[in-house]
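# Report on the structure
Residues per chain are reported as follows:
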Amino acid sequence: MNQGTVVAGLKLGVNIDHVATLREARYRGRTHGEPDPVEAALLCEAAGAHGITAHLREDRRHILDRDVRELRARIGTRLNLEMALAPEIVEIAVSVKPDIVCLVPERREEVTTEGGLDVVGQLEAVTAVTRRMNGIGVEVSLFIGPDVDQVEASAATGAQFIELHTGAYAESFLEGEGVDVELARLVAASKRARELGLRVNAGHGLTVANLPALLERVPYMEELNIGHSLVSRAVTVGMAAAVGEFLAVMKGYRLGPV
Ligand code: PXP
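As the structure is a computational prediction, the values presented were derived from the model and not from experiment. (Residues numbered from 1 in each chain as written. Predicted model: local features only at pLDDT ≥ 70, side-chain atom pairs only at ≥ 80, totals over all residues. Heavy atoms only, no water.)

### Overview of the overall build of the chain
Condition: Helix and strand definitions follow DSSP, with helices as H or I runs of at least four residues and strands as E runs of at least two, each counted in order from the N terminus. Both definitions apply: the radius of gyration is a C-alpha atom measure, and the globule rule equals 2.2 Å times residues to the power 0.38. Each residue is assigned to one of three classes by its accessible area relative to the maximum for its type, calculated with a 1.4 Å probe on protein chains only: buried under 20%, partly exposed between the two thresholds, exposed over 50%. Contacts are assigned to residue pairs that have any heavy atoms within 4.5 Å of one another.
Scanning the chain from terminus to terminus reveals 11 helices and eight strands. Relative to its length of 258 residues, the chain is compact, with a C-alpha radius of gyration of 17 Å against a globular reference of 18 Å. With the C-alpha coordinates of the chain rotated into their principal frame, the extents come out at 50 × 45 × 35 Å. Counting every position in the chain, which comprises 258 residues, the buried fraction comes to 50%. In the chain, the share of contacts with a sequence separation of at least 24, taken over all contacts with a separation of at least 6, comes to 69%.

Okay, structure coming up:
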């Protein structure tokens, strides 16, 4: 383990979906409204965020097609488009060409992305979308639970990254139960990914409170994708300050890839 080694910093990708959630609560069906997720993304970048993440859901409950196109045109960092395997969304991704896509499962009834992608059970479909995106120069990340089987299947698809689903860890932290078990799962999945040549991101449910234990234990992470807690905090302290708070906690990470 390279504990103690100073490595290139852990990156912050801000998921701005919930800025659009707030807009849609008032302006659904309109051609403009506030708050504007693109303006929020630009504030995040100015405050030091390394990338912007947006999830174009099939039901368009928050981010809309026009947001994705405008983000592509206006942000200066990396655009990470989260998407399901749905053919309609794949075609949009092909035309928008984000820097990276993160393939996620999607069920309409869920409030947010609840579980990881079942790569084991959908190997062919995931591989086909991965090849299509890689073929036009777009990297691919697979959002999976911290299960070694899913990591191994992810490597078989040819994807460049996995994003480890930290939702169960976040939940265990809230409940005060099972934290060590969830951290051990994340550690094992990250190590296996590294052995297989996959790069590792992580996200879901991360907060300033639950990050320190994650950063102390889980190796090889390159980027964290953080949405709800950061956007929530921005409501009270402003977007720049909220980004700064997360970056300050992430600065101490010493287990990243050398
Ligand atoms: N990563 C992925 C793949 C997600 O689907 C989400 C939630 O949209 C996040 C990260 C961010 O999760 P949260 O909003 O809980 O920070």
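Following the structure, the description resumes.
### Observations regarding the site of the ligand
How we decide: Whether a residue is near a molecule or strand depends on its heavy atoms: if one lies within 4 Å, it is near. For this analysis, a polar contact is any N or O atom pair within 3.5 Å, provided that within protein one partner can donate a hydrogen and the other can accept it, and provided that sequence-adjacent residues contribute only side-chain to side-chain pairs. Each accessible area is a Shrake-Rupley estimate made with a 1.4 Å probe; only the visible protein chains count as cover when residues are assessed. Note on residue classes: Ala, Val, Leu, Ile, Met, Phe, Trp, Tyr, Cys and Pro are nonpolar, Asp, Glu, Lys and Arg are charged, and everything else, Gly too, is polar.
Among the 14 residues in the neighbourhood of the ligand, the closest are listed as Glu-82, Glu-163, Gly-205, Gly-227 and His-228. Note that an oxygen atom of the ligand is positioned 3.1 Å from one of the side-chain N or O atoms of Glu-82. Burial of the ligand by the surrounding chains reaches 95%, relative to a free accessible area of 400 Å². Its residues assigned to classes, the shell around the ligand shows three nonpolar, eight polar and three charged.

### Topic: the state of the cysteines
Quick note on the threshold: Disulfides are defined as cysteine sulfur pairs within 2.5 Å.
Under the counting rule described, the total for this entry stands at zero disulfides. Just so you know, Cys-44 is unpaired, no disulfide at all, and the nearest cysteine sulfur is the one on Cys-102, 18 Å from it. In this structure Cys-44 comes out as buried when scored by relative accessible area, which is 0%. For Cys-102, a relative accessible area of 1% gives the class buried.

### Considerations on the packing of helix α4 (residues 87-96) against helix α5 (residues 123-135)
What counts here: Whenever a helix is involved, its axis is fitted only over the stretch in contact; in every case the axis is a line through C-alpha atoms, and angles between N-to-C directions fall within 0 to 180 degrees. Roughly parallel means an angle under 35 degrees; roughly antiparallel means over 145; roughly perpendicular covers 65 to 115; every other angle is labelled oblique. Each crossing gets its hand from how the near helix is turned against the far one by less than a right angle, where anticlockwise is left-handed and clockwise is right-handed.
In contact at an axis separation of 10 Å, α4 and α5 are set at 15° when each is read in the N-to-C sense. The pairing of α4 with α5 is recorded here as roughly parallel in orientation. As α4 packs across α5, the resulting crossing turns out to be right-handed. Within the contact between the two elements, α4 uses Val-90, Glu-91, Ala-93 and Val-94 and α5 uses Val-129, Arg-132 and Met-133. Among the residues making up the contact of α4 with α5, the classes are represented as five nonpolar, no polar and two charged.

### Description of the sheet that holds strand β7 (residues 199-203)
As a reminder, the rule being used: Paired strands, in this sense, are two strands between which DSSP finds at least two bridges.
Reading around the barrel, the eight strands line up as β1-β2-β3-β4-β5-β6-β7-β8 and close back on themselves, with parallel pairing between neighbours. Here the average twist between neighbouring strands, direction ignored, is 25°. The pairing of strand β1 (residues 11-15) with strand β2 (residues 51-55) spans three bridges and is classified as parallel. What sits directly across from Gly-13, in β2, is Gly-51. Packed onto the sheet, helix α11 (residues 239-250) meets β1 and β8 (221-226) and runs at close to 150° relative to β1.

### Considering the environment of Ser-229
Along the chain, the position of Ser-229 falls in helix α10 (residues 228-237). Considered as a pair, Ser-229 and Ala-242 are 13 residues apart in the sequence and their alpha carbons are 9.0 Å apart. Not counting residues within four places of it along the chain, the set of residues in contact with Ser-229 comprises Leu-206, Thr-207 and Phe-246.

### Some words on the nonpolar core
Quick note on the threshold: The nonpolar core is taken to be a set of buried Ala, Val, Leu, Ile, Met, Phe, Trp, Tyr and Cys residues, with the residues joined through side-chain atoms within 4.5 Å.
One finds Leu-103, Leu-214, Met-221 and Leu-224 to be the most contacted residues of the largest nonpolar core, which totals 72 residues. Ranked by residues supplied to this core, first place goes to α11 with six residues. In contact with Met-221, other than residues within four places in its own chain, are Leu-10, Val-200, Ala-202, Leu-214, Leu-215, Tyr-253, Gly-256 and Pro-257.

### Here we look at the confidence of the model for the chain
Note the following rule: As a per-residue measure, pLDDT reflects the predictor's confidence and takes values from 0 up to 100.
Residues with a pLDDT of 70 or more make up 94% of the chain, whose mean pLDDT is 94. Segment residues 1-6 is flagged for pLDDT under 50; beyond a separation of four residues in sequence, or across chains, it makes 13 contacts in the model.

### A closer look at the environment of Val-258
Note on placement: Val-258 falls in the segment after α11. Separated by 222 residues in sequence, Val-258 and Asp-36 have C-alpha atoms that sit 37 Å apart.

### A closer look at α5
Definition in use: Multiplying 1.5 Å by the helix residue count minus one yields the expected span of that helix. Of all possible arcs, the one meant is that of the directions from the helix axis to the C-beta atoms.
Under the 1.5 Å per step criterion, the end-to-end length of α5 is 18 Å for 13 residues, consistent within 8% with the ideal 18 Å. Every buried residue of α5 is accounted for by Val-126, Thr-127, Val-129, Thr-130 and Met-133. Projected onto a plane normal to the axis of α5, the buried residues spread over an arc of 165° and lie on a single side. Turned more than 90 degrees away from the buried face of α5, the exposed residues are Glu-124, Arg-131 and Gly-135.

### With respect to the pattern of salt bridges
The cut-off we apply is this: The salt bridge definition used is simple: a Lys or Arg side-chain nitrogen within 4 Å of an Asp or Glu carboxyl oxygen.
A full pass over the atoms with the stated rule returns 20 salt bridges. For Glu-88, the salt bridge goes to Arg-60, with nearest N and O atoms at 2.5 Å. Within this pair, whereas Glu-88 is found in helix α4, its partner Arg-60 is found in the loop between β2 and α3 (65-74), the two being separated by 28 residues in sequence. By relative accessible area, Glu-88 is classed as partly exposed at 42%.

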